[in-house]
Amino acid sequence: MNSDAIAPGSTNLKRSTQLSGRALLLAVVALAMGGFGIGTTEFTIMGLLQEGATDLGVSNARMGLLISAYALGVVVGAPILTALGARVARKTMVLWLMAFFTLANLSSLFAANYEWMLVSRFLAGLPHGAYFGIAAILAGTLVPASMRGRAIAWVMLGLSVANVLGVPVVTFLGQSFGWRWMFAVVGLVGALTWVAIRVFVPFSPVHEGASIRRELSALRSGQVWMAMLTGIVGFGGFFAVYSYISPILTDVTGLPIRAVPLVLGLYGIGMVVGSLIGGRLADWSVLGAIYVATSAMVLFMALFGVVATHMVPTLVLVFILGGTGSLLVPALQALLMDSAPHAQSLAASLNHSALNVANALGAALGAAVITAGLGYRAPAFLGAGLALLGLLLALATGIRAKRLAAASSR
């Protein structure tokens with residue numbers, strides 16, 4: 001069989017003891033707690049940028065490099081840590097990754113200067129992609145194959161809930177008692193996650209024949225690169241809008257700045273809903289879910305740019321945009337896993353490398369159209385264009401997958 005061919009819904013893994021009821025809920029919540037901690041540390045620092053700059057004695061621009069350092073850690077760490085852990089049992093690996101994540105955040109808590117903080121933020125980003133990738137596969141082994149998409153979505157739900165609860169609460173604590181409290185809270189969440197996984201997640205055996213070389217074989221798959229490019233371009237459109245949502249709401253829609261956190265909470269609720277629906281769509285059809293999600297992003301981002309001067313439709317669309325973005329994630333995760341059936345851990349982790357590249361791409365292109373004098377509504381139309389390109393790439397990926405599957409069956 002051609003290694004590039006997609007085997008939809010296939011995990012090609014020894015399955016852990018399948019769980020149900022309370023045992024499954026506790027195991028999934030334990031894995032999702034890690035996503036909650038990761039999402040909280042990733043996004044809260046954006047809301048505490050000025051407090052951090054004052055504490056460290058640097059400009060806001062230099063403080064912003066801490067966000068870039070974390071994103072770089074995600075991009076670098078996902079393939080390297082996943083490949084190095086190829087022969088480690090998945091439960092053991094997520095425990096190691098969560099321990100590393102917890103210690104890195106505690107290092108940020110005690111960072112004595114900007115340089116130390118910069119390094120610690122890079123280190124905190126390293127386990128991000130590997131954790132989500134391996135935790136998603138681990139969750140998928142706990143349920144029947146027909147529920148794999150929902151299991152992936154449940155793990156990713158921690159990231160969405162972080163935007164609804166974790167980020168606003170920790171931002172408030174940071175503003176009230178000092179910005180470094182965010183690292184203490186995240187460190188506590190990381191420690192609790194480690195205990196919960198240790199207690200509630202069953203052992204998952206190492207896949208027979210697993211090796212660093214086998215995991216790295218995912219990088220030889222054209223389908224993996226097509227799937228990553230779909231995520232980078234499609235989600236680049238999403239981040240082109242989200243990166244500038246605050247000035248859009250204040251300068252275009254006319255909302256007071258104090259209302260922005262509440263609107264972002266609405267966006268976070270949309271993410272939660274989108275994750276839940278996205279998991280079911282991925283179980284229905286991985287590629288179909290991607291077609292639906294990217295088409296919705298094209299439509300609603302363009303519509304957002306049109307109605308951004310009107311408060312009520314803008315608020316409705318903020319919720320919808322949060323939902324359509326999260327709608328795409330479980331399907332992209334599953335597509336990458338299916339694109340490299342013999343190296344699913346690395347393939348799954350690469351989804352988060354792709355999303356962080358998309359973050360940087362979308363923010364940079366959004367800045368370019370604003371700087372060119374096209375106004376704050378321009379990123380929405382740019383985002384719609386990028387999402388359309390992502391849809392075309394997804395269609396090309398689907399056509400290529402069918403050809404490869406047909407060739408391999410001969």
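Note that the structure is a prediction, hence the values are computed from the model and not measured.

K.L.:
Would you take a moment to explain the environment of Gly37 for this structure?
P.N.:
With respect to the helices and strands, Gly37 occurs in helix α1 (residues 21-47). Considering only alpha carbons, one finds Gly37 and Leu192, 155 residues apart in sequence, at a separation of 9.9 Å. Filtering out sequence-adjacent residues up to four positions away, Gly37 remains in contact with Phe101, Val186 and Val189.

K.L.:
I keep staring at empty space enclosed by the protein and nothing clicks. Help me out?
P.N.:
Regions of empty space are outlined by a rolling probe, equal in size to a water molecule, passed over the atoms. The final tally for this structure, using the stated rule, is three cavities of 30 Å³ or more. In this structure, the largest cavity encloses a volume near 290 Å³. Phe43, Leu159, Phe239, Met271 and Leu355 are, among the 21 residues lining the largest cavity, the residues nearest its centre. Contributions of two or more residues to the lining of the largest cavity are made by α1, α6 (148-177), α9 (222-242), α11 (260-284), α13 (311-339) and α14 (344-374). Here the residues of the lining of the largest cavity sort into eleven nonpolar, nine polar and one charged.

K.L.:
Would you explain the nonpolar core in this entry?
P.N.:
A general trend in soluble globular proteins is that nonpolar side chains are found buried together. If you look at the biggest cluster of nonpolar residues, it comprises 96 residues, and the most contacted ones within it are Leu31, Tyr131, Ile197, Phe235 and Phe304. The biggest single contributor to this core is α13, with twelve residues. The next biggest cluster of nonpolar side chains, apart from the first, holds 16 residues, and it includes Leu48, Leu56, Ala111 and Phe183.

K.L.:
Would you mind showing me how to read α6 here?
P.N.:
Helical periodicity: at 3.6 residues per turn, an α-helix aligns residues three or four positions apart in one direction. Taking 1.5 Å of rise per residue, the 30 residues of α6 would be expected to cover 44 Å, and the 42 Å separating its terminal C-alpha atoms lies within 8% of that figure. At Ala162, α6 shows its strongest bend, of approximately 55 degrees. Gly178, located one to two residues past α6, shows a positive phi value of around 120 degrees.

K.L.:
I would appreciate a short explanation of the pattern of salt bridges in the present structure.
P.N.:
Applying the stated criterion across every chain yields a total of one salt bridge. A salt bridge links Arg180 to Asp55; its shortest N-O distance comes to 2.9 Å. Separated by 125 residues along the polypeptide, Arg180 in the loop between α6 and α7 (181-200) and Asp55 in helix α2 (residues 49-56) bring together distant segments of the chain.

K.L.:
When you look at a nonpolar patch on the surface in this model, what are you seeing that I'm missing?
P.N.:
On the surface, a nonpolar cluster with roughly 360 Å² of combined accessible area is contributed by Trp194, Val195, Val199 and Phe200. Locating Val199 in the fold gives a position in helix α7. Residue classification places Val199 among the exposed residues on the basis of a relative accessible area of 56%.

K.L.:
It is not clear to me how the packing of α9 against α13 should be interpreted in this structure. Could you clarify?
P.N.:
Look at α9 against α13: their axes get within 10 Å of each other, and the N-to-C directions meet at 170 degrees. In terms of their interaxial angle, α9 and α13 are classed as roughly antiparallel. Every residue of α13 that contacts α9 at Gln223, Val224, Ala227, Met228, Thr230, Gly231, Phe235, Phe238 and Val241 is listed here: Leu321, Gly325, Leu328, Val329, Leu332, Leu335, Leu336 and Ser339. Looking at the contact of α9 with α13 residue by residue, the classes come out as twelve nonpolar, five polar and no charged.

Quick notes on the rules
Residue numbering note: each chain is counted from 1, following its sequence as written. Per-residue local features are limited, in this predicted model, to residues with pLDDT of at least 70; the limit for side-chain atom pairs, both in listing and counting, is 80 or more; totals at the level of whole chains, interfaces and linings are taken over all residues. The basis for every side-chain value is the complete set of non-hydrogen atoms in the structure, without hydrogens or water. Helix numbers and strand numbers start at the N terminus; a helix is a DSSP run of H or I with at least 4 residues, a strand a run of E with at least 2. Here, residues are in contact when the closest pair of their heavy atoms is within 4.5 Å. The method works on a 1 Å grid over the protein atoms by themselves. A cavity is a set of points holding a 1.4 Å probe that cannot get out, a pocket is an open set with protein on both sides within 12 Å along at least five of seven lines, and residues with an atom within 4 Å of a point line them. Grid points are joined across faces, edges and corners, and a volume is the space filled by probe spheres set on the points. Residues are grouped as follows: nonpolar covers Ala, Val, Leu, Ile, Met, Phe, Trp, Tyr, Cys and Pro; charged covers Asp, Glu, Lys and Arg; every other residue, Gly included, is treated as polar. Residues grouped as a nonpolar core are buried Ala, Val, Leu, Ile, Met, Phe, Trp, Tyr and Cys residues, joined through side-chain atoms within 4.5 Å. Partly exposed residues are those whose accessible area sits between 20% and 50% of the maximum for their type, while under 20% is buried and over 50% is exposed, using a 1.4 Å probe and protein chains only. Helix span, expected: 1.5 Å multiplied by one less than the number of residues in the helix. Axes are fitted to the seven residues ending at a residue and to the seven starting at it; the angle between these axes is taken as the bend at that residue. Salt bridges are identified by distance alone: a Lys or Arg side-chain nitrogen within 4 Å of an Asp or Glu carboxyl oxygen. Here a patch means residues that are over 30% exposed by relative accessible area and free of salt bridges, tied together within 9 Å if like-charged and within 5 Å if nonpolar (Val, Leu, Ile, Met, Phe, Trp, Tyr). Only the protein chains shown count as cover for residues, and all accessible areas are computed by the Shrake-Rupley method using a 1.4 Å probe. Helix axes are fitted to C-alpha atoms over the stretch in contact, other axes to C-alpha atoms as well, and angles between N-to-C directions run from 0 to 180 degrees. When describing relative orientation, an angle under 35 degrees is termed roughly parallel and one over 145 degrees roughly antiparallel, while 65 to 115 degrees is termed roughly perpendicular and anything else oblique.

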